[in-house]
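# Report on the structure
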Amino acid sequence: MFLQLFGTVVIAGIVGYASEKSGFTRNGYLPSIIICVGGAFLFYFVRIMFGFRFGAPGVDAILSSIGALIIVPTHWRKRR
């Protein structure tokens, strides 16, 4: 279980970097990685506490990272 936590952090960091590199987000590399890691941590602990999951731990890390990237920046961004 402890190795799943490290894998979740690594996968979330890769998803954050890839999202910036591909142009999916324009937050900056570090903020995107922080957002992805935070979302992955949150879902990791929800998975441990409640047993809610989408599949393998890697799939959960990818989906939760992408979900955090979609939710967080659009929530805090100023409306024009």
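About the criteria used
Residues numbered from 1 in each chain as written. Predicted model: local features only at pLDDT ≥ 70, side-chain atom pairs only at ≥ 80, totals over all residues. Heavy atoms only, no water. Helix = DSSP H or I, 4+ residues; strand = E, 2+ residues; numbered from the N terminus. Rg over C-alpha atoms; globule rule 2.2 N^0.38 Å. Buried < 20%, exposed > 50% of the residue type's maximum accessible area, 1.4 Å probe, protein only. Contact = heavy atoms within 4.5 Å. Patch = residues over 30% accessible without salt bridge, like charges linked within 9 Å, V, L, I, M, F, W, Y side chains within 5 Å. Areas by Shrake-Rupley, 256 points an atom, 1.4 Å probe, with all protein chains shown as cover. Salt bridge = Lys/Arg side-chain N within 4 Å of Asp/Glu carboxyl O. Lys, Arg positive; Asp, Glu negative; His and termini not counted. Polar contact = N/O pair within 3.5 Å; in protein donor to acceptor, adjacent residues only side chain to side chain. Phe/Tyr/Trp six-rings, centres within 6.5 Å; stacked < 30°, edge-to-face > 60°.

### Examining the overall build of the chain
Secondary structure assignment for the chain yields three helices and zero strands. Secondary structure elements of the chain occur, N-terminal to C-terminal, as α-α-α. At 13 Å, the chain has a C-alpha radius of gyration in line with the 12 Å of a compact globule built from 80 residues. Once the C-alpha set of the chain is aligned to its principal axes, its extents read approximately 40 × 20 × 15 Å. Across the 80 residues that make up the chain, the buried fraction comes to 31%.

### A closer look at the environment of Ala-61
Take Ala-61: it is sitting in helix H3 (residues 57–76). Residues Ala-61 and Ser-22, 39 residues apart in the sequence, show an inter-C-alpha distance of 19 Å. Sequence-distant contacts of Ala-61, that is, excluding residues within four places in its chain, are made with Thr-8 and Ile-11.

### Observations concerning a nonpolar patch on the surface
A surface patch of nonpolar side chains, amounting to about 1,100 Å² of accessible area, comprises Met-1, Phe-41, Phe-45, Ile-48, Met-49, Phe-50, Phe-52, Phe-54, Val-59 and Leu-63. Those elements that place two or more of their residues in the nonpolar patch are helix H2 (29–50) and H3. Counting residues per element, the nonpolar patch draws most heavily on H2, which supplies five residues. Structurally, Phe-41 is set in helix H2. Under the relative-accessibility criterion, Phe-41 is labelled partly exposed at 31%.

### Considerations on the side chain of Glu-20
Along the chain, Glu-20 turns up in helix H1 (residues 2–22). Arg-26 provides the closest opposite charge to the buried, salt-bridge-free Glu-20, at an N-O distance of 7.9 Å. At a separation of 3.3 Å, a polar atom in the side chain of Glu-20 contacts the main-chain amide nitrogen of Gly-28. Beyond its immediate sequence surroundings of up to four residues, Glu-20 is in contact with Thr-25, Arg-26, Asn-27, Gly-28, Tyr-29 and Ser-32.

### As for the packing of aromatic side chains
Considering all chains together, one arrives at seven aromatic pairs under this definition. Ring geometry for Phe-2 against Phe-6: centres 4.8 Å apart, planes inclined by 75°, an arrangement best described as edge-to-face. Here the residue Phe-2 and the residue Phe-6 both occupy positions in helix H1, the gap between them amounting to four residues, near one helical turn. Judged by its relative accessible area of 57%, Phe-2 is exposed. Phe-6 gets classed as partly exposed once you look at its relative accessible area, which sits at 46%. A centroid spacing of 5.3 Å and a plane angle of 5° characterise the contact between Phe-43 and Phe-54, whose relative ring orientation is stacked. Of this pair, Phe-43 sits in helix H2 while Phe-54 is found in the loop between H2 and H3, placing the two residues 11 residues apart along the sequence.

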